[in-house]
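Each chain, letter by letter, is given below.
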Amino acid sequence: MSWGAEVGIEDLAFALEDRLAAVQGGGVAVLTDPDAVALAERLYLAVDWFAPIEGAVPTARAFNLAVLVATFHWHRYTHTGAEQDLSRSAFLYLVVYGFATHLVPEPIRSAHEKRGHHHHAFTAAELEGFVGHAVSLLRQAERTGAVEPLDDATAVLRWVIWLAPVGHRLGGAAFAELGNVLTRKYEYTGDTDALARALNVNLRALGLLSRNDPYYPVVLSNLGHTTIRRFERDGELEPLRAAIDGLRRAVALAAPDDVNGAAYRTNLAAALTLWYRHTGQAAALDEAVEALTEAVRDTAEDHPDLPSRLGSLAQLLDLRDEASSADEDSTATIITLFRRALSITTDGHPDRPACMLGLASALHTRFESAGDPDDLRMAIDLCRRVCRTMPTTGYLYPKALSGLAQGLQIRFRHFGQRRALDEAVKVLRVAAGALPRDHPERAQLLTELGGALRDRFTAEGRPADRELALQALREASQCASAPAVWRVKAAVDGAGLAAAAHDFTAATELYATALEQLDLAAWRGAERGDQERVLSQFNPLSNEAAACAIRAGQPERAVELLEQGRGVLLARVLEARTDHGALRDHAPALADQLAEVLDALHRMPDTRTPAPDQAARTANDHRADLARRRDALLAEVRSLPGFGDFLRPPRFATLRAAAANGPVVLLNASRHGCDALLLTRDGVRVLPLRCSVEELLDRATAFTQALVAARDPEPGDEDGELTRFEARNTVTDVLGWLWDTVAGPLLAELPANGRLDDGGCPRLWWCPTSLFTLLPLHAAGHHAPGGEAVLDRVVSSYTPTLRALLHAREHAQDASGAPPRRLVVSLPCTPGWPDLPNAEREAADLLARYPDAESLTGRAAESTAVLDALARCSWAHFACHGAQALEQPSLGALFLYDRPLLLREIMELRLDRASLAFLSACDSSRGGLRLANEAISFAAALHVAGFRHVIGTLWPINDALAPEVAALVYDELARRGTDFTAAALHDAIRRTRSRYPRAPLTWAPYVHIGP
């Protein structure tokens, strides 16, 4: 190996120490290795051993080298017997003997003692002074960014470690500071060997100190800091989780007057920020902001770390604003923080580059909203200055290049400067090439490069740019160490580029990659709200994937992808409710462990609060631990023969069974067009629909606005609002359009091979996605006399997903079991809501029909009582107010006497005896806008909680008519049983329609979910 002149003495010393460690482990071949011999010789020649040595740093460096080189030659002598090795080791051990006799081998030590050689044993106070001197050298480096003081500090601290008595706390203190010094060296130079040594040194320090030692929290903080830097390179979550725990302990152990308390909080905030970026756990981001805000508050104006803490706080606030679309005031606050940080640093300060890059990013944001060219010009200039002054090996260098490229791309988009785009491509190539292939940040750089190349292809039409863009995006999507959400974005961008070129096969493959990563991005260890936030970012993903698969001639793959990417959260509920019999037969203990973890994950409560307390943090940590335990158990299961696909998305052969009792229609809308996938016993067929996604959006919007106007007590009062008359006409028009465009052509294609009801109508299941979830497909038709309609052709049911339908069929209730236990919940008067006088009549009719039913009415219908009763009942009927939150559908609720009963609470239930639920409440089967593909509604929640059959509503129902509809349904159920719930509802709707044919708003909201 060649040891160039540019390699520092401290690095060479560490290299020889590594070889000596190998010797102690039995690797005696090192002693005759030419490289090792040359290394020892170079270190020997690095010091003039005959000249006077003065000062702590030169003395420390000479001592350290003497120990290492003397030890190397002593081992060579004991191995080979060469006299020249004995001579050199004896000579160098004389230097060692002068300070630390215990490090000298006994034969040589005895010889020095006989010759009366002098030695000096340092006191504990003197050794502490040396540690203090090393710390001052570290502070000098932090003020100036110079590396030389770090090497000097390293020499002094290694000297103290040699000199400190074995097991003494001074050794731990020196190790602690050495770990900090080595981490700084990595930050200033990008030396990964220094980072690896820092981690090892910090771990050794932790083992040398008691928990009561004042240095113990320092070591915890240093170890956390080092782990953060390592995580930025390898993306391993387990060490980061341990670092967060250690940093929390450091904060808790710190005395009120601990001068390092702010540093502990700063490192904790940094670790939590990385945890948030990789897991999406928003509570971690909230805790990070809280910790760093306290750190800044406790940092004096003249403290050397104030600039970095101000910059870090600004970056955190910027990150928190990403999800909420930062307003001008927020951006101004962030810019002010960065400028304050820069005002107290000078050129050459190590914290200045990061603050300059942060300010540039904030200025980019402000330019995009306000359009001031000076902001963009200043941002690009800041990034250029950082790139010019920072060493290319610095760990921030790729980020500086990325910031510069961002500004150049913005310049191209707004001002059409082709040269700026060309430079952005060039800069991003350099940035990506500066990182190892497995570096987490490389995925983001490659995604940015792919975007720049795509923009250049769009502008200039060069096919090579498109191919290079696809190559970069594919590589980014496969970077295992990067956050899963970055991998999803890269794959989605690549798929979109391929689809634009009509390469639908490549697009399908990339979309499949994105869907696979989406399950990881919406991590089970995050709270439900965090999972929903991630899923909402990629809401149309499964629709685009299915559309591309259809156009690639892969309809079966389209069904698989559509099912994989929608109802993700419902699938996780079903995962916890499935009895994995095959696994239990093969590995019962493993099946029990997995069932326990899945059930515990499912039952974890949401703990998100504006100011997370310790209980919430403990719950979040436990949820994360369960998620990691699940992943580990799944890996173990999938390693078993025959279980490689265990709990993976189902294949088409499995999904096709959903059509065993009648066709299932999956409706898909994407930018490529609208299609129906007709799933029957024989397979799947594709029916292109004669509408665009834009037309579908117009119809869905018009229908939604009509529903709002129909329930408004004073509709049409403001400009643009519909009157009730206009709303009714809109509804009628949309139902007719649905028949002409969707349902009519579909029914003309479907064979009548399902189970028939008594009237001869076959069964059909609707599985709408995207915008189709907002429309009443079962009510499509021209309902005037002589018109055609779905109601006259099939018995309609809905299913949230194919898996939900299969699960409901597989878990049929035993008809020979105990008689049904019925529950009637009615609230004629609900605090804060209009009265429902007919709810009392509806409940009375049911109690007259079923005298043994449990009744919870009025004040008795409180949440605790209702939840307890649901756990016992097999039939449940609700007559109360309900509402769906279209932007946050999991907050949909039934309004009980004391509080809303939230949809997410229902999904946590496990109702093994449940058979039928009738929700005579508004919006109980309506999904959301933001998460349309998650099929989140109160009716769906009850369905996956255990009720095989659920009757719900898509919009507010007529209070006076609700008891009549319920009576018609229960009359039919009494005659035929719950297996015919869909037919019973179908018959009730048709009878009601016959009375009010021109009022679909009164009879069309009712829907059936189930087998």
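Residues numbered from 1 in each chain as written. Predicted model: local features only at pLDDT ≥ 70, side-chain atom pairs only at ≥ 80, totals over all residues. Heavy atoms only, no water.

The name given to the chain in an unreviewed UniProt entry is CHAT domain-containing protein, and the organism recorded there is Streptantibioticus rubrisoli.

Some thoughts on the overall build of the chain
When its secondary structure is counted, the chain shows 41 helices and 14 strands. Taken over the C-alpha atoms alone, the chain extends approximately 120 × 65 × 55 Å along its principal axes. Evaluated residue by residue, the chain yields a buried proportion of 57% over its 1011 residues. For the chain, restricting intrachain contacts to residue pairs at least 6 apart in sequence, the fraction spanning at least 24 positions comes to 71%. Working note: accessible area of the chain is about 40,700 Å², and carbon and sulfur atoms make up 52% of it. Distance from the positive charge centre (105 side chains) to the negative charge centre (130 side chains) of the chain: 3 Å. (Helix = DSSP H or I, 4+ residues; strand = E, 2+ residues; numbered from the N terminus. Buried < 20%, exposed > 50% of the residue type's maximum accessible area, 1.4 Å probe, protein only. Contact = heavy atoms within 4.5 Å. Areas by Shrake-Rupley, 256 points an atom, 1.4 Å probe, with all protein chains shown as cover. Lys, Arg positive; Asp, Glu negative; His and termini not counted. Charge placed at Lys NZ, Arg CZ, Asp CG, Glu CD.)

Considerations on the side chain of H73
Topologically, H73 is positioned in helix 3 (residues 56–80). Among residues more than four places away in sequence, those in contact with H73 are A40, D85, R88 and S89.

Examining helix 23 (residues 504–521)
For helix 23, built from 18 residues, the straight-helix expectation of 26 Å at 1.5 Å per residue is met to within 8% by its first-to-last C-alpha distance of 24 Å. Most of helix 23 is tucked away, with 13 of its 18 residues classed as buried. (Expected span 1.5 Å × (residues − 1).)

Points about the pattern of salt bridges
Close approach of charged atoms allows side chains with opposite charge to pair. Evaluated as defined, the whole model comprises 68 salt bridges. Taking the shortest distance from any N to any O, the salt bridge between D85 and R76 comes out at 3.1 Å. According to the relative accessible area criterion, D85 is buried, its value standing at 3%. The shortest N-O distance in the salt bridge between E460 and R418 comes to 3.7 Å. In this pair, E460 is assigned in helix 20 (residues 440–460) and R418 in helix 19 (residues 418–433), connecting sequence segments 42 residues apart. Salt bridges sharing common partners tie together R139, E142, R184, E187, R229 and E232. (Salt bridge = Lys/Arg side-chain N within 4 Å of Asp/Glu carboxyl O.)

Some words on the sheet that holds strand 11 (residues 900–902)
The three strands are arranged 9-10-11 in an open sheet whose pairing can be described as antiparallel. Edge positions in the sheet fall to strand 9 (881–883) and strand 11, since each has one partner strand and no second. Recorded for the sheet is a direction-independent mean angle of 25 degrees between the axes of neighbouring strands. Here strand 9 runs beside strand 10 (residues 893–895); their pairing, made up of three bridges, is antiparallel. When the sheet's bridge partners are listed, H881 is paired in strand 10 with F895. (Pairing = 2+ DSSP bridges. Axes fitted to C-alpha atoms, helices over the stretch in contact; angles between N-to-C directions.)

Points about the nonpolar core
With 241 residues, the main nonpolar core has V664, L667, W766, L870 and F947 as its most contacted residues. When residues of this core are assigned to their parent elements, the largest contribution, 11 residues, is made by helix 33 (residues 724–749). The contact partners of W766, leaving out residues within four places of it in the chain, are V665, L667, A743, L746, L777, H778, V790, S796, S797, Y798 and T799. With 75 residues, the next largest nonpolar core counts V131, L163, V218 and V219 among its residues. (Core = buried A, V, L, I, M, F, W, Y, C linked by side-chain atoms within 4.5 Å.)

A closer look at helix 8 (residues 169–189)
Residue pairs spaced three or four apart in an α-helix point in one direction, given the helix's 3.6 residues per turn. Between its terminal C-alpha atoms helix 8 stretches 30 Å, which fits the 30 Å expected from 21 residues at 1.5 Å a residue. Among the 21 residues in helix 8, 20 count as buried, and that is most of the element. Directly after helix 8, the chain includes G190, whose backbone phi takes a positive value near 75 degrees.

Thoughts on the side chain of N64
Within the secondary structure layout, N64 lies in helix 3. Here the side chain of N64 touches W159 through a polar contact of 3.4 Å, landing on its backbone nitrogen. Dropping the residues within four chain positions of it, N64 is found in contact with A155, R158, W159 and W162. (Polar contact = N/O pair within 3.5 Å; in protein donor to acceptor, adjacent residues only side chain to side chain.)

Section: the state of the cysteines
Under the criterion given, the structure shown has zero disulfides. For the unlinked cysteine C767, the closest cysteine sulfur is that of C674, found at 16 Å. On the basis of relative accessibility, which here comes to 0%, the residue C767 falls in the buried class. (Disulfide = S-S within 2.5 Å.)

Things to note about the pairing of strand 2 (residues 673–680)
Across the eight residues that make up strand 2, a large majority, eight, are buried. Of the two faces of strand 2, both are covered, the one formed by G673, D675, L677 and L679 as well as the one formed by C674, A676, L678 and T680. As judged from the seven bridges shared by strand 1 (residues 664–670) and strand 2, these two strands associate in the antiparallel manner. Paired with A669 across the two strands is C674, which belongs to strand 2. Between strand 1 and strand 2, which pair antiparallel one after the other, the connecting turn spans two residues. Both strand 2 and strand 3 (residues 683–688) contribute to a ladder of six bridges, which runs antiparallel. What sits directly across from L677, in strand 3, is V686.

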